[in-house]
Every structure is written in C-alpha cells, then in structure tokens.
Amino acid sequence: KRRKILLISSSLFLETPTLVSFFLANVRTMMKFTKFLLLGLLIGLFAGISVPSNFGSDNALSASSSSLFVEAAAADEAASSSEEFQIPTFKAGAEVNEFQAEVSRLMDIIINSLYSKKDIFLRELISNGSDALDKIRFLSLTDASQLGDGDAAQLDIRIKIDKDQKLISIRDKGVGMTKQEIKDNLGTIAKSGTSAFLEQMQKGGDMSLIGQFGVGFYSVYLVADFVEVRTKSNSEDTQWIWQSKADGNFAISEDTDGEAIGRGTEIKIYLKEEAQEYLDEGKLKDLVEKYSEFINFPIYMWESKEESEEVPIEDDDEEKSDEEKDEEDDDEDDDEDDDDEDEKDDKPKTKTVTKTVWDWVLLNDSKAIWLRSSSEIEPEEYSKFYKALSKDKSDPLTYSHFKAEGDVEFKAILFIPESAPPDMYDNYYGKASALKLYVRRVFISDEFDELLPKYLSFIKGIVDSDTLPLNVSRETLQQHTSLKTIKKKLVRKALDMIRKLAEEGNDSEDDDNENEDEEAKVVANEKYEKFWKSFGKAIKLGIIEDASNRTRLAKLLRFYTSQSPDKLVSLEQYVERMKEGQKSIYYVAGESQEALEKSPFLEKLLLKGFEVIYFTDPIDEYTMQNLTEFDEFKFSNASKEDMKFGDADEGEKKQFKKTKEHFKPFTKWWKDALLTSYPDSIENVKISNRLSTTPCVVVTSKYGWSANMERIMRAQALSDDSRAQYMKGKKTLEINYKHPLVAALKEKYEADGEDETSKNLAVVMFETALIESGFVIDDSKSMASRVFDLLKDKMGVEKDAPLLDEMEFPDEEEEVAEAEESAPKEDEESAPAVEEEEAPKDEL
C-alpha cells in the first residue's frame, strides 16, 4: 500500500502541467496535497524504495511508475497464462516478515550493479557452506556430540540439479541455524553468524572464517526468482524453512513437508528464465573448478552416466533368439559335434543393455598444498599441483613456496613455466597477470594487475591471504595499501627465485672446487639457458619499466661476448674478467653476432684484449638506454664517439694530440668536401683511436641513435619522421691515419686541394664507411654516380664521353642467302671423308 501511495502521488505531482495551475488557484488544496506527498515520500524511503537515476528529468518519475505498473501487470498475466512449472509461494500459515530497509536496497544494488558476473553466486554459496562446516568442526573439538555419528559426521557440500523444476540445490552439513538466527542472518544487511561467533572467540580458535551468511548470500538473486533455505541446528529440534522472492518480504515456517536434513543447511534456487544455463552440469562443474577448487571440504555433484551391463534374456527374447539361431544353423554344416552343442547350451543366456546411473561425483580433488609447510611437500606434489593449476603438460622449470608475515599475511606458490607461450608478447600491456588471488582458499580473480608487474606476467601461481581487506563482496577488492605490500613482496620473491635458478649452475668459473658435481652443474646451466631463451626479453623489459629493481634485474642478464661467443655470460662474470685499469663495460649492438664479430668498431678493442658484449636483440638498444652502469662501471657503446680505453700513458696521449694537430688541415678539407653532398649529416672529421685495419668509420654522438637503432626505428610501422630526423643527429667520420688509402688521399689533397676527383674520392670513402658502419644512404643515386665517375677515370674513359652508335646487323634474307651458298661447299668438303670411312666396309 505504501509503495502504491508513493507511486500514485509522485505520478500526480509530475504528470501534467494542468494540475500545477489548479494548485495555484487553490492554495489550501495545494498545502494538503504537499503534506500528503511528503508523507508518501517518507514512507517510501523508509520502505527502502530506491529513487530512479533519472529523477528530476521531465516525466521521469511518472515514466518509472508507469513502467513498474506495466511490468507488474505483464508478470501477472504471464503467470496466469503459463502452463509450465510455477514458482513456489509462501507456505500457508507461515510467519511473513519484511526485510529491513537496508536489505531491500542492498538486493537492488546486488542485482543491478554490485556484481559484474552472475557466475559468482555459486562461489558465494559454496563459501558460506564451507564456513558453516568449519564452525561445526571447530565446535566438535570441545563437544564431539555436535558432529554426530555416521553420515552426519561426513562434512561435505552437495550440489544437485532438478531440470524439471528448474532449480539448483546446494546442501552442507554445517552448523545450521535456529529460527532467531535465520531472522538475524537473512533479514539484516551483512549480518554474519560467523562474525558474531568470532566476537566470542577473541583468543584462539580458527579465525579464518568468512561468515555463514553475509552479503554474499544475496548474490543468489542474480539468478533466482525464488529462494528456499531449509536449515536445522543442533540447538533446536525443529527444522525451519525460509522463503523469499527478494520483493521485500520473507517467510519463516516449520519445515514439516521437506526431507529431514539432520543438521546443516540446504538452499534451493529457482532459476530465472534468463539463467537457465546453470542447469547444465558441465557449466556448474566448470564454476566449481574455477572458484572453489581448493575448498577444504569435498564438493559433490549428483550426476548421471551411462553404464553397460549383462542381464538375463527373458522368455520372449529367448524364443526370438532361438529362431534366429535356427536360421543361422541352416547355413552351417550339420556335422557338428554333440559335445560342443551341449557346452553352448550350458552357457548362461544374457544380453548387454545400457542404463542411466546416478551417483555423487567429487569435483574438487585438488588440495591446497600452499597451506602446508614447504618441507613437507615433495617435488612431485609441486609438479602435480602446477599442472592442475596451469593446465600445462610440462613440469615447471622452478618454483618458490613461501609465507609472508607482517602487516599483510599471505601464502604463495610461484612457478616458472618450462617454455613461453607463443603469444606472450602479443598485446603486452593489455594482458593480466597469470597469478590467481584467493582469500581463505576462495578464488577471487586472476585479472589483478596489482599483484605482479607486466614483465613478470609469465609467472604462474597462487596468492592466498587471510588478512586481505574486502569490500562489500569478495569480488571487488579495495584499493588498499596492502595490495602494494603484497606486490612488493611477490616481486622480490620472484626475482630471488630467478636468481637462485641462475646460481644453481655456479655460473662463475670456479675451477678450485674439485668436488663439484659437473653433471649437475651442466644441467643447472641448461635450465637457466632455457629460461633465458624463453623469458630473457621479459627481464630486459623489466630493466626498462622497473627502476626500483633495476640492479637485481641487471644481475640476471645473459649475453655472448667476444671472449665467450658460445656460452652465455653474466655482467658479474664480465666484471670479474675486466683488464686492470679498465673503467668501462664495452658493448656493441647489431643485427647478428656474425656481423658484430667483423665490425670495424671493435678492431682496436679486440687488439688490446678488451672483452666486448654482443647485443643482437632489438630491445637491447632500449634496455641499454636505461641501464647506464653496473657495479660503478659505466657502459660504453663501441659505435659511439669519444670512446676511451683507459690504458694510455702520458706519452701516448701527447703523441695522439700531436697527430691530430698535424692532420687538422686535412680533416678540415675532408669535412668541407663532405658538406657539399651531406650538409645536414656531418658533424666532424677526426683522427680515430679505435681503428686498426679499416681506413675509416662513421660514428654517432653519445646521445644520438646508433646505426642499429636507426635500422630498428626505420622498421617501425608508426615511426615519426620528424623525431627520427632529430634523434639521428649528425655523424662523425673517424679516419685511420695509418691506412694507405688515407695517406694517398692526403697526398692528393696536398698536391691540389681543389681537385674534384680528390673530393669525390673523399665523399665515396665516407659513403663506403657509412655502409660498413651499418647506416643507410638516403641518396643512393648520387653515390652511384660518383662511383661510376671514379671507374671512368680509372679505366681511362672520359667523364663526358658520348654513348656509342647503335650496332648494325645484316637482314635475315641476306643471312639465309649466305647460308645457302656455304652449304654445298660443306658437302663437298665432307664427301671424301665419308668415302674414306666407307672404304673399309666395301673391302669387307
């Protein structure tokens, strides 16, 4: 009645403008109506009616009220006309109560906005059943009679589907509820029997209970039109039934018609028309496996299966079979042994029939091994658990099982797969972590980006917390600092796990330990090499993304070097092998290791015995932009300018300085010659200290792109040309003053600095050095023209020599005539030879 009053009064207030003019004409009537309206609004708010989101817009409330009446009328009409199974109603004589206002609003919120997936209703109800089982098990520790004997002592959860009545039944043998507890727990917002139970147990006891019935129970109305809760507690002899349609009322009555459940709770869910998919056994099994796989108690489902069995043949069937046998015997030999016939007659006459058998099937056979101590678990158990968790057929490469304590307590097991999935780096920033988050063994989500950074998304495992704060539902976590704490500890443990995997092989070359198992060392080295091959790129991404753990990640890097071309080396090993006085870690990046080994940038470095790191992965260039030093040693790119060896004495420095002064006019002339063809590309021409056998090489500035980086950026589909032009910068030509080509060009310059041929030679040498250094020449047409000019000069061809005239060939008729004239001559010449050859035959 109060709802109707509110809807009618609200409709009248906003329905038509004619009413407004009427009220203005009669103030007294308007005052009475205003009081009536306010009273209706107060009653409606008290009853828990939510205000429509579009309240205040034109005809908003009237439209809302009209739609409510239309929906109600349509529902009544559909109910009266339907001949299918009808939703149950309250039992006759039941005590009917109204939900508290908060619960009415809460159920509206649950159905429309709180949960994003309907699937979680099953998780919530199973979790509630598990909590009830936990409580009765705890009470039985001090009072064994609470648990009972026989079947009642078997603590489990059972799920049953009735497709005819379109309902799902979930039953537990937990603590159950009294009539008063039903009112308190199911009629009050987020009232939790376990919460009250915990208040009485501030000291000791099992404190990991979520709640017998909290907000999660009301998630059942995501899929249900009508819900029945039958429950029996040890505290009362009466079995009670609670019924509700989520329409603001619920009924409680003594359950005299239903099956006696002994102790515990059974929830019957009458599904909505749009939720009929949950009547599928496979669907429910998948949900249990996903959300409740590691619940402490067994979860059974009532399932059917087809079985074959042998049954005796009845008389009618036997007569038919005898006739068939007689017909078959007519076609066979009549001379069969009598003994064989007697043996056949003695055999039992049966047939195979197929029948449907129903039985309880266990759904959660996986155990939550993370709750046990790591010392009690065998490696085979970890492997089995990993395969069940990840659906991977291979064993994990390694794993880490630990318990974190402090402000946030949690247990976790982390696994590294044996190999990376093919699409690991596809949609890299859109993929969620592969970790599953549990709260008290109840699955919450596997889509939490807050647990692990993107570069560690290949790590699989579980995280289970008893202290993680929850919002109104188990589904939505609060944005709490505890998540940051968990992430920090998980990252540290994950990197420690990878570091231990790297150290298992004793990567440092220690030949003093003669008792070391060489075979185990090789196997361990192979394991980390396998890890690096699969996930090395992820570690490099971590160096780019995670500045706080950059040092830890740098220790995990592996690469090939000039002194170790076939075996992976770490930075720690490189530092251990550094020459005395060496102040930099040298590296060079390129397309392949074979190309880098022949790079002109490394000539003097290799000659002096310095070890150079080879980087061949495109991401290495980005990684080294973020990793500038290791163990206080700076990284030095061998393809950049101003490379220093750190081993030159004062005499060598003075000699090199004098050499640069001596060649200064020549380098200036060379630079001017290059500026005519490459005005925006040349920074300088100078004497090189890195070359040994190559005449010249092109290097870039310290902060510009190297040749390899330019190649990578050219391959980008969405590259920015303006940014690329800026980052390319200007290049420096370094010349080897000891090389004969450079010396010859210097002589030409000294003889005639304005000679065009000498300038062309200088430009061609620069372009050749560009190609050898890995750069791409933009104006290849001009380069080809200069090369052809030099070839003309070398071959004695004038630069402007005209093209030759077209060649003249005789006509086809003249060719035929000439051929005919020459033919007889050939015959005459060949005739004597034939006669000479045939002469011996005539004699014979």
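To be clear, the structure that these remarks concern was listed above.
Report on the accompanying structure. Note that the structure is a prediction, hence the values are computed from the model and not measured.

## Here we look at the overall build of the chain
Now for step 1: When helices and strands are tallied, the chain shows 27 helices and 22 strands.
Now for step 2: The buried share of the chain, taken over its 844 residues, is 41%.
Now for step 3: Relative to all contacts within the chain whose residues are 6 or more apart in sequence, the contacts with residues 24 or more apart total 74%.
Now for step 4: Total accessible area on the chain is roughly 48500 Å²; 49% of this is exposed by carbon and sulfur atoms.

## Description of the side chain of Ser130
Now for step 1: For Ser130, the location among the structural elements is in helix α6 (residues 120-142).
Now for step 2: In this structure Ser130 touches Ile157, Ile295 and Phe297, once residues within four positions along its chain are discounted.

## A few points about the pattern of salt bridges
Now for step 1: Going through the model one piece at a time under the given rule, you end up with 33 salt bridges.
Now for step 2: A salt bridge links Glu503 to Arg499; the nearest nitrogen and oxygen atoms lie 3.2 Å apart. Residue Glu503 and its partner Arg499 are both found in helix α13 (residues 481-503); the two are separated by four residues, about one turn of the helix.
Now for step 3: Glu503 sits in the partly exposed class, given a relative accessible area of 49%.
Now for step 4: For Arg499, a relative accessible area of 31% puts it in the partly exposed group.
Now for step 5: Of the charged contacts, one joins Lys540 and Asp617 as a salt bridge, the two residues approaching to 3.8 Å between their closest N and O atoms. Separated by 77 residues along the polypeptide, Lys540 in helix α14 (residues 518-545) and Asp617 in the loop between β17 (612-615) and α19 (619-626) bring together distant segments of the chain.
Now for step 6: The class for Lys540 is buried, based on a relative accessible area of 9%.
Now for step 7: Judged by relative accessible area, which is 19%, Asp617 ranks as buried.
Now for step 8: Connected through salt bridges with shared partners, the residues Asp151, Asp156, Arg158 and Lys173 form a single ionic network.

## Remarks on the packing of aromatic side chains
Now for step 1: Counted according to the given criterion, the structure contains 35 aromatic pairs.
Now for step 2: With centroids separated by 6.2 Å and ring planes inclined at 50 degrees, the aromatic side chains of Tyr399 and Phe415 adopt a geometry described as tilted. With Tyr399 in strand β10 (residues 398-404) and Phe415 in strand β11 (residues 410-416), the pair connects residues that are 16 residues apart, well separated along the chain.
Now for step 3: When its relative accessible area of 31% is taken as the criterion, Tyr399 is described as partly exposed.
Now for step 4: Pairwise contacts between aromatic rings join Tyr291, Phe294, Trp370, Tyr382, Phe385, Tyr386, Tyr399, Phe415, Tyr438 and Phe443 into one cluster.
Now for step 5: Looking at Arg158, its charged tip hangs above the ring of Tyr300, at a distance of 4.6 Å from the centre.
Now for step 6: Across from the ring centre of Trp360, 4.8 Å away, lies the NZ or CZ of Arg158, which sits over that ring.

## A word on the sheet that holds strand β22 (residues 731-735)
Now for step 1: Spatial strand order, β20-β22-β21: three strands in an open sheet with mixed pairing. Looking at which strands have only one partner, the edges of the open sheet turn out to be β20 (682-687) and β21 (696-700). Neighbour to neighbour, the strand axes of the sheet diverge by 25 degrees on average, direction disregarded.
Now for step 2: The strands that helix α25 (residues 756-772) touches are β20, β21 and β22; relative to β21, the one it contacts most, it runs at about 65 degrees.

## Digging into the environment of Phe630
Now for step 1: Here Phe630 is to be found in strand β18 (residues 629-630).
Now for step 2: Of the residues examined, Phe630 reaches a relative accessible area of 3% and is grouped as buried.
Now for step 3: As a C-alpha pair, Phe630 and Arg550 span 80 residues in sequence and 10.0 Å in three-dimensional space.
Now for step 4: In contact with Phe630, other than residues within four places in its own chain, are Ala554, Lys555, Leu571, Glu572, Val575, Ile585 and Phe635.

## A closer look at the pairing of strand β5 (residues 240-244)
Moving residue by residue along a regular strand, the side chains alternate between the two faces of the sheet.
Now for step 1: In terms of burial, β5 is largely enclosed, as five of its five residues are buried.
Now for step 2: The side-chain alternation of β5 yields two buried faces, one formed by Trp240, Trp242 and Ser244 and the other by Ile241 and Gln243.
Now for step 3: The pairing of strand β4 (residues 224-232) with β5 spans five bridges and is classified as antiparallel. In the strand pairing of β5, Arg230 is matched with Ile241.
Now for step 4: In this structure, β5 lies alongside strand β6 (residues 249-254), joined through five bridges in antiparallel fashion. Along β6, the bridge assignment pairs Trp242 with Ile252.

## Observations regarding the nonpolar core
Now for step 1: Of all hydrophobic cores here, the largest spans 77 residues; its most connected members are Phe458, Leu490 and Phe531.
Now for step 2: Considering each element in turn, this core owes the most residues, ten residues, to α13.
Now for step 3: In this view, Phe531 contacts Leu397, Ile416, Phe458, Ile498, Leu501, Gly536 and Ile539; residues no more than four positions away in its chain are not counted.
Now for step 4: With 62 residues, the next largest nonpolar core counts Ile168, Leu186, Leu287 and Val442 among its residues.

## A word on the sheet that holds strand β12 (residues 435-439)
Now for step 1: In spatial order, the strands read β10-β11-β14-β12-β13; together these five strands make up an open sheet with mixed pairing. Of all strands in the sheet, those with a lone pairing partner are β10 and β13 (442-445), marking the two edges. Along the sheet, successive strands turn relative to each other by an average axial angle of 20 degrees, direction set aside.
Now for step 2: Against the sheet, helix α12 (residues 379-390) makes contact with β10, β11, β12 and β14 (460-465), and its axis sits at roughly 85 degrees relative to β11, the strand it touches most.

## Quick notes on helix α24 (residues 740-751)
Now for step 1: The end-to-end C-alpha distance of α24, which contains twelve residues, comes to 16 Å, matching closely the 16 Å that a straight helix rising 1.5 Å per residue would cover.
Now for step 2: If you check which residues of α24 are buried, you get Val742, Leu745 and Lys746. One side of α24 carries all its buried residues, which in axial view fall inside an arc of 105 degrees. For α24, exposure combined with an orientation more than 90 degrees from the buried face picks out Pro740, Glu747 and Ala751.
Now for step 3: Of the surrounding elements, those touching the buried residues of α24 are α20 (650-662), α21 (664-675), β22 and α25.

## As for unusual backbone geometry
Now for step 1: A positive phi angle, close to 55 degrees, is found at Lys166, a residue other than glycine.
Now for step 2: Judged by relative accessible area, Lys166 falls into the partly exposed class, the value being 22%.

The rules we used
- Residues numbered from 1 in each chain as written.
- Predicted model: local features only at pLDDT ≥ 70, side-chain atom pairs only at ≥ 80, totals over all residues.
- Heavy atoms only, no water.
- Helix = DSSP H or I, 4+ residues; strand = E, 2+ residues; numbered from the N terminus.
- Buried < 20%, exposed > 50% of the residue type's maximum accessible area, 1.4 Å probe, protein only.
- Contact = heavy atoms within 4.5 Å.
- Areas by Shrake-Rupley, 256 points an atom, 1.4 Å probe, with all protein chains shown as cover.
- Salt bridge = Lys/Arg side-chain N within 4 Å of Asp/Glu carboxyl O.
- Phe/Tyr/Trp six-rings, centres within 6.5 Å; stacked < 30°, edge-to-face > 60°.
- Lys NZ or Arg CZ within 6 Å of the ring centre and 35° of its normal.
- Pairing = 2+ DSSP bridges.
- Axes fitted to C-alpha atoms, helices over the stretch in contact; angles between N-to-C directions.
- Core = buried A, V, L, I, M, F, W, Y, C linked by side-chain atoms within 4.5 Å.
- Expected span 1.5 Å × (residues − 1).
- Arc of directions from axis to C-beta.

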